[in-house]
Amino acid sequence: MFTKNKLTLNVLQFDHAQSHLTVYVSKQPGIGLVELPLKDCQHPALAQSGVDRLYFSTGYTDQSVEISLPASPAFCDKGEYSWSVGFLKKYYSCKLADYFSTLNFPVLQNFISDTDMWVKTDSPYPGCTGYRVFSLRVQFNYADSQPELLVAMGDVHSVYNKSLADPLWAETSIDCFNWVMYRNAVYRYGEMPDLARRHLDEVFPCMNFALLRELHIPRPAPDKANRYIKYWNELEAFRVNNLNSDALKEFMVLDQAWKTRMPERLKMEEMKLLQFGEGQGHEPKYDLRKYGPKDLIHDETVFFFIMHQDDKPLAMTINEFLSGSRSEFNGGVNGFLRMKYNTEPNLSIVFKNKDNPLPEIEQKLEERVLNDHKKYVAIYLSPYDKWTQHPGHKSIYYRIKEALLLKSIVSQTIDVAKVWGKERKTDTDGKYARAVLKSRFDYSLPNILVAIHAKLGGTPWCLGEQPTDELVIGISAYKSHDLDRRYLGSAFSFTNEGRFQGFDCFRSNQVRELAGSIALAVKNYCEERKSLQRLVIHFYKRLSRKELKPVENALANLGLQIPVVVVAVNKSYSDDVVGFDMEQKHKMPVSGTYIRVGDGKFLLFNNQLQQGDEIINEREGYPFPLKISIQQFMPGSTDSSAISNEDIEMLLMQICRFSQLYWKSVSRQWMPVTLRYPEMLAQIVPHFKYRDLSDTGQENLWFL
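Each value, and the rule that gives it
Residues numbered from 1 in each chain as written. Predicted model: local features only at pLDDT ≥ 70, side-chain atom pairs only at ≥ 80, totals over all residues. Heavy atoms only, no water. Pairing = 2+ DSSP bridges. Helix = DSSP H or I, 4+ residues; strand = E, 2+ residues; numbered from the N terminus. Axes fitted to C-alpha atoms, helices over the stretch in contact; angles between N-to-C directions. Core = buried A, V, L, I, M, F, W, Y, C linked by side-chain atoms within 4.5 Å. Buried < 20%, exposed > 50% of the residue type's maximum accessible area, 1.4 Å probe, protein only. Contact = heavy atoms within 4.5 Å. Patch = residues over 30% accessible without salt bridge, like charges linked within 9 Å, V, L, I, M, F, W, Y side chains within 5 Å. Areas by Shrake-Rupley, 256 points an atom, 1.4 Å probe, with all protein chains shown as cover. Salt bridge = Lys/Arg side-chain N within 4 Å of Asp/Glu carboxyl O. Lys, Arg positive; Asp, Glu negative; His and termini not counted. Charge placed at Lys NZ, Arg CZ, Asp CG, Glu CD. Phe/Tyr/Trp six-rings, centres within 6.5 Å; stacked < 30°, edge-to-face > 60°. Lys NZ or Arg CZ within 6 Å of the ring centre and 35° of its normal. Arc of directions from axis to C-beta. Polar contact = N/O pair within 3.5 Å; in protein donor to acceptor, adjacent residues only side chain to side chain.

Visitor: It is not clear to me how the sheet that holds strand E8 (residues 115–121) should be interpreted in this structure. Could you clarify?
Guide: Two orientations exist for strands paired in a sheet by backbone hydrogen bonds: parallel and antiparallel. Read across the sheet, six strands follow the order E7-E8-E9-E10-E2-E14 without closing on themselves; strand pairing throughout is antiparallel. Of all strands in the sheet, those bounded by a partner on one side alone are strand E7 (107–109) and strand E14 (252–254). Put simply, the sheet's adjacent strands are angled 35 degrees from each other on average, direction ignored. In the sheet, strand E9 (residues 128–140) pairs with strand E10 (residues 147–160) via 12 bridges, with the strands oriented antiparallel. Among the inter-strand pairings, Gly130 is bridged to a residue of E10, identified as Ser158.

Visitor: Could you clarify how one ought to interpret the nonpolar core in this entry?
Guide: Leu381, Ile630, Trp663, Trp702 and Phe703 are the most contacted members of the largest nonpolar core, which totals 81 residues. Top element by residues in this core is helix H14 (residues 441–455). It accounts for eight residues. The contact partners of Phe703, leaving out residues within four places of it in the chain, are Phe503, Tyr677, Met680, Leu681 and Ile684. Counting residues in each nonpolar core, the second largest holds 62 residues, with Val34, Ile67, Cys94 and Phe134 among its members.

Visitor: What's the story with a positive patch on the surface in this structure? I'm lost.
Guide: The grouping of Lys224, Lys418, Lys422, Lys438 and Arg619 at the surface amounts to a positive patch. Looking at the secondary structure, you find Lys418 in helix H13 (residues 416–420). Owing to a relative accessible area of 59%, Lys418 belongs among the exposed residues under this scheme.

Visitor: How should the sheet that holds strand E5 (residues 55–57) be read in this particular structure?
Guide: Reading across from one edge, E4-E5-E3-E6 is the order of the four strands in this open sheet, with antiparallel pairing throughout. Each edge of the sheet is formed by a strand with only one pairing partner; in this case those strands are strand E4 (34–35) and strand E6 (65–70). Judged from the three bridges that link them, strand E3 (residues 20–26) and E5 form a sheet pairing that is antiparallel. Its bridge partner being in E5, Val25 is matched across the sheet by Phe56. Along the sheet face, helix H3 (residues 85–102) touches E3, E4 and E5 and points at about 90 degrees away from the line of E3.

Visitor: Is there a simple way to think about the pattern of salt bridges in this case?
Guide: For side chains of opposite charge, pairing can occur when their charged atoms come near one another. A complete count under the given rule lists 22 salt bridges for this structure. The partner of Arg239 in a salt bridge is Glu236, with the nearest N and O atoms 2.7 Å apart. Separated by three residues within a single helix, Arg239 and Glu236 lie in helix H6 (residues 227–242), roughly one turn from each other. Arg239 sits in the buried class, given a relative accessible area of 10%. Its relative accessible area of 23% is what places Glu236 among the partly exposed residues.

Visitor: In this structure, what is going on with the packing of aromatic side chains? I would like to understand it.
Guide: Aromatic ring pairs are reported here in terms of the distance separating the ring centres and the angle at which the planes meet. All told, the structure shown has 29 aromatic pairs when counted by the stated rule. Both rings, one in Tyr397 and one in Tyr398, keep their centres 5.2 Å apart while their planes meet at 75 degrees; by these two values the pair is edge-to-face. With relative accessibility at 15%, the residue Tyr398 sits in the buried group. Just above the ring of Tyr189 sits the side chain of Arg197; from NZ or CZ to the centre is 6.0 Å. Here the basic side chain of Arg289 rests over the ring of Phe329, its NZ or CZ set 4.7 Å away from the ring centre.

Visitor: I tried to follow helix H8 (residues 284–291) on my own but got confused; where do I start?
Guide: The periodicity of an α-helix, 3.6 residues per turn, causes residues three or four places apart in sequence to face the same way. By the burial criterion, the buried members of H8 are Pro284, Asp287, Leu288 and Tyr291. Along the long axis of H8, the arc covered by the buried residues comes to 105 degrees, so they all point the same way. Opposite its buried face, H8 presents the exposed residues Tyr286 and Lys290, each directed more than 90 degrees away. Summarising the contacts, the buried residues of H8 are in contact with strand E17 (274–275), strand E18 (280–281), helix H10 (332–337) and H14. One or two residues past the end of H8 sits Gly292, with phi positive at roughly 80 degrees.

Visitor: Explain the side chain of Lys455 to me, please; I cannot follow it from the model alone.
Guide: Tracing the chain through its elements places Lys455 in helix H14. One buried charged residue, Lys455, forms no salt bridge at all, with the nearest opposite charge on Asp415 at 15 Å. Within the structure, Lys455 has its side chain in polar contact with the backbone oxygen of Leu704 (distance 3.0 Å). In this view, Lys455 contacts Lys401, Val410, Ser411, Gln412, Asn700, Leu701, Trp702 and Leu704; residues no more than four positions away in its chain are not counted.

Visitor: Explain the pairing of strand E30 (residues 564–570) to me, please; I cannot follow it from the model alone.
Guide: Within a regular strand, side chains alternate between the sheet's two faces. Of all seven residues in E30, six are buried; the element is thus mostly enclosed. Sheet topology note: the strand E29 (residues 534–539)/E30 ladder contains five bridges and is parallel. Paired with Leu535 across the two strands is Val564, which belongs to E30. Looking at chain direction, E30 and strand E34 (residues 626–633) are connected through seven bridges and run antiparallel. Note that in E34 the partner of Val564 across the bridge is Phe633.

Visitor: Just checking my understanding: could you explain the environment of Asp442 for this structure?
Guide: Looking at where Asp442 falls in the secondary structure, it is placed in helix H14. A residue is classified by how much of its surface remains accessible, and Asp442, at 10% relative accessible area, is buried. The residues contacting Asp442, other than those within four sequence positions of it, are Phe321, Glu328 and Phe329. Among the polar contacts listed, one links the side chain of Asp442 to the side chain of Arg440, at a separation of 2.7 Å.

If you want it as structure tokens, here you go:
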């Protein structure tokens with residue numbers, strides 16, 4: 001039986017080193033000055049200044065006034081005021097920044113007053129010096145107001161070892177430079193001090209996507225090793241080396257033991273069961289072949305290939321896998337998806353120009369006669385992998401996918417090099433040459449077939465019926481680094497089975513259009529089923545009142561009097577709290593474990609572990625927890641209302657269950673598809689020329 005273990009958090013509690021804190025307050029802003037919170041400006045000693053905004057520093061400046069107040073109410077005499085929590089966060093952040101700057105660490109403060117400290121480490125790029133970023137956030141525990149220091153490990157930033165004065169950069173546009181380092185201080189390129197501009201031989205650029213492309217430096221593949229162990233080891237080393245000095249204790253007395261919490265756990269046995277075609281199961285990788293997909297594809301479906309002329313042997317081999325004539329994958333498409341595999345003579349497309357195949361492909365698509373009563377699947381054998389840095393080669397994938405969608409053809413891309421290898425070995429048996437694949441293609445083929453089934457409008461597997469009749473709408477965002485555009489995508493699904501309904505995609509400023517899309521989804525649902533009890537919105541961030549208002553207005557116009565629950569799922573791990581199970585060697589808490597970290601805020605672990613002692617499947621990874629925020633708005637109310645513990649558990653369970661509906665793979669995922677699918681959609685749409693992609697482009701999961 002599973003037993004809960006205490007979790008260790010990346011948080012150190014601390015005490016005030018002094019009962020009273022002294023700062024110097026000025027009426028005018030200036031270098032090194034921080035704006036004083038409004039609450040502190042209203043203190044009797046400061047309210048007489050006659051200005052709305054005041055600024056403070058921890059050291060004396062000209063025209064400043066010394067102010068000393070108790071650090072907390074515990075140090076106050078009767079009738080005495082203490083500094084506000086908002087001030088204390090800013091004060092200690094300034095002290096930390098000043099302290100580490102004196103030790104010659106590069107230090108930055110972000111817009112929420114976190115202190116980012118750069119510690120030298122190895123860089124993944126040649127010719128660079130690496131810096132591991134540690135974010136220090138001063139916070140107060142919501143339960144007892146105990147001051148705490150959250151220590152989060154961020155990414156490795158790389159600084160190129162040739163200065164801006166080097167001839168290497170003579171033809172490089174200034175648009176390629178974002179951050180630069182000058183004498184151990186980090187600045188935005190456009191905000192460098194004049195002294196740095198006079199000494200460009202001491203200014204070194206921080207690497208970014210644009211500079212990597214400029215220097216033809218490839219990005220390394222993602223590290224899939226156990227991130228919990230790596231994070232913990234570096235976190236503990238940082239504490240020992242940097243957070244235990246006498247100088248630090250002069251202004252904050254940090255605990256040297258990390259904070260621990262006893263977590264809660266969802267009833268996982270109730271959420272694991274999935275519905276397949278002829279039975280129920282827990283693992284799609286095994287049960288999909290055993291029971292078949294939940295929905296069958298009834299339309300006649302025709303497969304064809306799009307390939308470079310050199311890749312014909314690979315098409316021959318993959319065709320044999322799909323048709324079921326290879327013993328490594330018995331039954332092929334029919335055995336796995338319960339769908340007849342069909343091809344047609346002279347339908348496949350062979351192109352000659354690798355660098356610009358689209359004109360050939362579009363011409364041959366126009367020449368093909370397609371049957372409106374059939375569905376078509378194009379297997380595109382891509383000569384370039386998804387990591388290619390060549391912008392022209394990268395765009396080919398998007399251009400071909402769009403051209404096919406305009407013909408209502410869904411496509412599945414297979415990376416030639418990944419499957420066939422550099423040696424491109426062949427085996428000639430009779431008339432045709434066949435590719436000898438470099439690895440077990442039958443291991444990755446289930447993922448390919450699941451995605452194809454979903455792209456055709458089928459449901460590979462789904463959830464059982466739920467006690468509450470709800471519509472769940474997922475909204476996520478993605479910013480294209482290549483195109484510098486930010487898009488919002490919204491996806492819809494019923495909660496009783498998690499069936500996909502449709503989607504749309506918008507620019508980030510099209511809030512009214514997004515609200516209209518949500519209202520249309522609700523209207524369509526209500527026309528089919530009259531018993532909608534609640535609308536649940538899975539959002540990629542905490543929704544503000546301004547952002548929620550258009551949604552409320554749209555629902556009001558429909559005449560619906562239903563609660564709206566906004567579940568914000570923050571997937572940015574580098575700057576937030578993480579939990580470790582120190583009783584386990586891998587240190588990853590079991591799935592369904594959660595901790596309350598604030599009012600309506602939760603830390604939810606969603607991964608492959610059910611008991612904690614299973615053998616880890618490296619391919620399914622070591623996902624960090626999701627930070628969840630839950631707000632409920634009743635009809636006609638502008639303020640969020642309390643939500644029961646039972647509903648909280650149901651909503652957290654819903655996040656976990658929707659992560660089981662990832663139809664691009666038979667492996668378990670950590671992110672709910674209500675947010676993962678919109679993000680995938682928003683990654684692709686900015687690259688398209690047209691928005692109207694026919695019915696196929698709006699109703700099927702072609703982007704998987």
